[in-house]
Each structure stands twice: as structure tokens, then as C-alpha cells.
Amino acid sequence: MTDTLPDTDTSTGLSSAEAGTRLQQYGANEIAEKTTHPLRKLLGYLWGPIPWMIEAAAILSAVAQDWPDFFIIFAMLVINAGVAFWQEHKADNAIALLKQKLATRARVLRDGHWQDLPARGLVPGDIVHVKPGDVVPADICLLKGADLSVDQSALTGESLPADKTLGELAYSGSIVRSGEMNAQVQATGMNTYFGKTAALVESAGNLSHFQQAVLKIGNYLIVATLVLVAVVLVAGWLRNEPLLETLTFSLILTVAAIPVALPAVLSVTLAVGATVLSKGGAIVSRLAAIEELAGMDILCSDKTGTLTQNRLTLGDVVALNGSQRDDILQLAALASEAESNDAIDSAVFAALGAQPVRGNVTRFTPFDPVHKLTQAEAELDGRTLAVAKGAPQAILSWAAASDNVREQVAAQVDVLAASGYRTLAVAEKDAQGNGRVAGLLPLYDPPREDSADTISRLQQLGIAVKMITGDHIAIAKQIAGRLGLGQRFATAEDVFSGTEAPDAAQVLKQDGYAQVFPEHKFRIVKTLQSSNHLVGMTGDGVNDAPALRQADVGIAVSGASDAARAAADLVLTDPGLGVIRGAVEESRRIFERMNAYAIFRIAETIRVLLFMTLSILVFEFYPVTAVMIVLLALLNDFPIMMIAYDNARPALKPVRWDMPRVLTMASILGVLGVVSSFTVFWLAQSVWQLPEAQVQTLIFLKLLVAGHMTLYLTRNSGYFWDKPWPSMKLFFTTEATQVLGTLAAVYGWFVEPIGWPLALMVWGYAFIWFLFNNMVKRRILRLFHHEDQASASHGCCS
């Protein structure tokens, strides 16, 4: 708690000037995060197993007084650190911008006007308004309004919501389940209950399936590299070669073979993808969800507001118990708020037209998602009465309706639902508490214009779209027919009738689920996941949060509550499902880029490390010098970073990480590279009989040019000339580093010069092998395709 606060005028709130003064005094309303100084972060890239190896190699070169090698190795260390730092810095900035877009806002009374302001700008003494779905923005003292029910399980561990009345405190970070209140801010930021007691642990979050697979590849390559380098060291020792030279070479070889750029490539690719998604109206709150989105094969979508326009219009009012249309609308208007901008309330007032509301409301209780109705106490035509409107089942219970009325209402609801109407009931109670159901309000929410096309496109992308709605099953089927969805619908009660877990196959075969309560959404998602499906779930309300958190990809739709946004992996800023389609396609492009990098990295390691190890063991010849390895590693780093910006074609089906196929493709390409390297080695040494130093330069140039060409092989599944062509960033960076390496070989920069004839011969030789490797790659992919077809055929027949 803060010190005793000066009184704040609850009718005008604080002035902007006073709020600014208090902001200086108390600080921003945010939990302090641990930040690292950029210089310290940069120096961090010089500390770790990989930098240690490079530093050790530099020290050994200095001890041997091999100053050219020393300066080149030192340059590699600095450039590696600089490139990684800069790319990570750009990634951090991109994520920071996305977080700003997701920043929580609060309804605040300032200068006599209610305003929506960033929650971080709240100060003690501010007057705020909270409603269902809001995350309480600070520790607040409740002043005026309907009692709150708040979920503070994240703070106190209590599983049940806590009731809060006037004068009580509601804590920052808790979620309003029901009720609306004006309140005064008592404490902000680190002075709140949450700030004082929550253990702030910074974590990178759970690794996605794809990140785990790529990191496993990295670990595999590290182990393989260390084993082969150990063999080189032992061979050098047995041959009595100078220990210092052998050790330096081995360290440099290790650095060149181990995927040093792996973390940076992952971070940059995901951050660049997240930025692209944000421009398309989808803000990523958990980066790893991008990869889960690429593999998502089931999307459970809300109906209202997502598949439909959420623009309700009132049909012909159904009168019950002798009521008249105008009387029913007057009762409905009393249980509505004109200033709330609620879709149902707006439809009621639109139906009233120019007629004034005759009654006077003395107490109003907003819609409660638990009881599914809105209530008011009012004076109407000289009578004191209570009025309610809401779901028919809830209103029938509220009014204690007779069995005859219940049957009559149920029959009317079925008739209206068959025509696509969602029905609300209106009822009243007199001063003695006697209830009477006055009538029914048929409401229709037309489908969004783009929904049918979007669903069709998602189905073409291999994603089964399942409608989730709280509406009657007849309404669900009617809307589904308009959208091109199937007619296999079940009610949540039918699927989850007992305490036992539902049959996953039964849940999976449905095209949608009707009369669903929030707790059912969670169980639907969990059941679908049990059948090895990656499930996406859309939601907007506070009660959707558990299902959004459980889903592999939780998607908060446009206009979602703070609680839903906080639980979601993807927050949509534009309405409808069209944004999700774009996000799926972009996530699959990101997956393709990562797949290309994984195959390239494994193939390169096999090609370089196996060739060098066999050359040393079999021919007792070092095919390249330590400086050449350093140059290779440096010139490889720049094109690799550009993979994040490459053009890629999204897969037509959900993608999953397939380790055996990646390893097969990479191993074959790697071994072919070893064969081509030994061929040019034999030509240079035995046929052309070049001096040893020129042989090494020739092999260096071949490894560089052929290695960069491998990037063009792994980036798509077709021929290298197929569209989409490489991005300009990838193409120009790749070609620039190839040309730079060629100039170094021709003119003897740090290596023995070989001249233009031999250099051009190497380019031609590498390109011939490139064409051959492309044909081999296509053949392997065809075998994989036939294998998939055989598996599918077997699956159908079994």
C-alpha cells in the first residue's frame, strides 16, 4: 500500500498535471524487468563454449607468433559477436514493438472525462472503471457499482472466485468475472500486492516442437564434431606433428563445423515472421506459437463475431401470456443500457425506434455470463417491478415459469432456431415476486461476407474448421449450411454428459458443437489434442481463457477481453477468420525457412568435417589451412542470416517436424559434397599436379562456392529455378560472399593465389555438381511422396 492518499474528487478524477506529478513520485505502473546493458550483452557473445574455442585458437596462434592467423581469427570472433548481437538486438526491438501493441489499457477518469489510457500510466488516486473480462490494472479500492466477483487464483492460489464489495481491495492482476465498479487506485507497479509477492522469474518460455528438434540437431552435430576432431588430434599426435599447429587447426575446425549461428537464426527468423504477422493483423504474444500454427490441423472457431458479423437485428417479437409487442419492447429496454454499446441492447433500442422508454430504472445489474441474464429494478406505469432479459432457459428459471410456459417457449425457440434466429426471453416480477414470461425476442446475426471463402481456403490448407457456439443446435446448423460447413453437430451435453472422458473419435467426427458453455470448450480442445492433433481455439471472453491457454494455438479475436488476450498466443486486431488464414500461410513460410536451414546446416557439417577428417587420416594432407576455415565460417554466416528474409511457398497441408527425412536429405547431400570434394582434390593433386598451397586454395574456393549453392537446393522442393525465387537479400548476400571468396582465391588475400582460369574452372565444376544434386534431391522427394501415398492408402484400407 502507498501512504495515505489525498482525497480525489470522484466526479472529476485527477487532473493531468497532478497525475504527472504522482507518476514522477510513484513511477510507472509496471513490474520492473531485469534489463541488460547493451555493452554487457555484446560482451556476453564473447563468453561461452564456442567463443572460448575461437579465443583459444587465437591465443595459440599468438603463442606460435603466427600473426596473420591471429588477426584473422580475432576478426572472426568480433564479427561473429557483432552479427549475432545486431540480429538479436533487431529481434528484441521487433518483439518490444509487438508487446507495446498488446499493452493493457484502463478506463480512467481524468480532467472530468472518462478516457482509455495505457495501464502503465495509472497513479495512486486515479479513479478507474472495471467490468467483466478486465484484468484489474492496479490495487484498487472499490467505490461504486455492482459487487465484483474476481478470479485471483494467479495471485493467491484460490480456485474459486472471490466476492468484492464496496470498500474492499481488488488486487492488480486479478480478473473480473462479473459486476462493474468504479474504484480508486491505491497502489501501482512494484508497490502492489502482485509486485511485492510475485516471484518475477524471467524465462524464455517453453520450446516448441520445432525448436526442440532443431536444437537436437545442433547437439548431434556438436557431439559428432567433437568425436571427429578428437580423431584428428590423436592422428596428429601419433604422426608426431607439431602439437600447437594440430591443436589450433582442430579448434578452428570445431568452430567451423558447430552451428554457431543456430540461436541467432532461430531468433531472427521468428522475430521477422512475427513482424510480418503483425502487419497482417495478428500479433504474436508467444513466438514459439508461430511453429505450432504451421502444424495446426483443427481450428475451433467461435460463431458470434468471428464467423458472423456480430450485428444483431430484431425479428418479429413473439408475445406470451397476453402481452403486447410494445409492452415487451419496453420491458426489454428497461433491462438494457443505451450507453453500453452492447449488440443486443442496441438491437432492442433500434426496434423501439422513436418511442421513448416509459419506465425509470432504479437499479441495474449488467449481464452475468454465469447466470446468462441482465436484470433491472424499475418503476413502470405506476408499478414497481423487476425485469430480466437473457437466455430462455435462464429466464424461465428466474421467473419460475410453469411447465406449460416452458413447453410453449421451447417449441417457439425450436421454430425460430430452424429459421436461423437466436432467441432471448423477457420476463417481469411484481412487487410480491410473482414472475411472468412476457415474450421472446428473435435475433439474427448474419454471416460475415468473407467467412465462407475463408473457411474454404482453410480447408484447402488441410485445416478442419469446427464451429463452437452457445446457441441452439438448429441455429448452428443453419449458419453452418450458409458457410459450407457440415451438418454433423452435437450439443455439449450430449458429448460431455457423464464424468468419464468423452470418446475422442466421436468428438473428432463432429463439424461443430452447440449449446456450449465455457468449461466445455476446454474439454473439447483437450479431447482433440489427445488424438495427436494440433488444435487452434478462438475466443474473446474471460471464460474462454482456460481453453485458449490449453490450445496449441490460443487465438484472441478482435475486441477480446484483457483476460482472453493475456491467455492467447495470437491476438487478432482485425475481425473475422481471414486474418487467421494469412497467419497460417505465413507461419508455414517460416517453417519452410527453418527446414531449409536445418538441412543446409547438417549437409554443410557433414561435407566439411567428413572431407577434412578423411583427408587427414587417409592422405595425411590438410586440405585447407586454419585461416581458410575461418574465412569459410565468416563467409557462411552472412547468407545464413538472410534465410529469415527469404521467399518461401507455404505448404498446402499442416507441417510437422520430420527428423528422419531431414537427416536423410542432409546426409545424402553432405556425402555427395564429400565425393565432389575428393574428386577435385584428386584432379588438383594427381592430374594437374598443383603445388600444395594452390591445392588448398582450390579446395577452399570449391567448399565456399558449392556450399553457398546448397542454400539454393534446400530452400524449396522443386528445381532451383522454380518460383518463388530467392529474396533479393538472400541472393545478393550469397553471391556477394561467393565473389568475395573468389577474389581472395584469385588474388591471394590470406591464401595462395590461383588465378582466374582455375577459379572459373571451380565455379563450372561446382555448378555441374549443383545440377546433379538438384536431380538427386528431386528423386529423394519423389520417393518420400510415394511413401506418403502408400501410407495413406494403407491407412484407408486398414
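What counts and what doesn't
Residues numbered from 1 in each chain as written. Predicted model: local features only at pLDDT ≥ 70, side-chain atom pairs only at ≥ 80, totals over all residues. Heavy atoms only, no water. Pairing = 2+ DSSP bridges. Helix = DSSP H or I, 4+ residues; strand = E, 2+ residues; numbered from the N terminus. Axes fitted to C-alpha atoms, helices over the stretch in contact; angles between N-to-C directions. Contact = heavy atoms within 4.5 Å. Core = buried A, V, L, I, M, F, W, Y, C linked by side-chain atoms within 4.5 Å. Buried < 20%, exposed > 50% of the residue type's maximum accessible area, 1.4 Å probe, protein only.

One open sheet accounts for 8 strands, arranged S10-S24-S23-S22-S11-S19-S21-S20; its pairing is mixed. Here the strands that pair on one side only, and so sit at the sheet edges, are strand S10 (282–284) and strand S20 (489–491). Within the sheet, the average angular offset between the axes of one strand and its neighbour, ignoring direction, is 20°. With 3 bridges connecting them, strand S11 (residues 298–302) and strand S22 (residues 535–539) associate as parallel partners. Following the sheet pairing, Cys-300 is matched in S22 by Met-537. Lying over the sheet, helix H19 (residues 518–529) contacts S11, strand S19 (464–468), strand S21 (512–514) and S22, oriented at roughly 165° with respect to S22.

Moving on, we get to the sheet that holds strand S8 (residues 175–178). Pairing is antiparallel across the open sheet formed by 3 strands, whose spatial order is S6-S5-S8. Strands with a single pairing partner mark the edges of an open sheet, and in this sheet they are strand S6 (162–164) and S8. Ignoring which end each strand starts from, the neighbouring axes of this sheet average 40° apart. In this sheet, S6 lies alongside strand S5 (residues 148–151) in antiparallel orientation, the contact comprising 3 bridges. The residue bridging Ser-149 from the neighbouring strand is Asp-163, located in S6.

To continue, consider the nonpolar core. If you look at the biggest cluster of nonpolar residues, it comprises 69 residues, and the most contacted ones within it are Met-612, Val-624, Leu-698 and Ile-699. Residue assignment for this core shows that the elements contributing at least two residues are helix H7 (209–238), helix H8 (243–257), helix H22 (578–619), helix H23 (626–641), helix H24 (659–687), helix H25 (692–714), helix H26 (728–747) and helix H27 (755–797). Among the elements that make up this core, the one with the highest residue count is H25 (12 residues). Those residues in contact with Val-624 that sit more than four places away from it in its chain are Phe-249, Met-612, Ile-629, Gln-696, Ile-699, Phe-700 and Leu-703.

Following Lys-723, the chain continues into Pro-724 via a peptide bond in cis, with omega recorded as 0°. Assignment of secondary structure puts Pro-724 in the loop between H25 and H26. In the Ramachandran plot, Ala-400 falls in the positive-phi region, its phi being about 50° despite a non-glycine side chain. Summarising the element assignment, Ala-400 is placed in the loop between helix H13 (392–398) and helix H14 (403–418).

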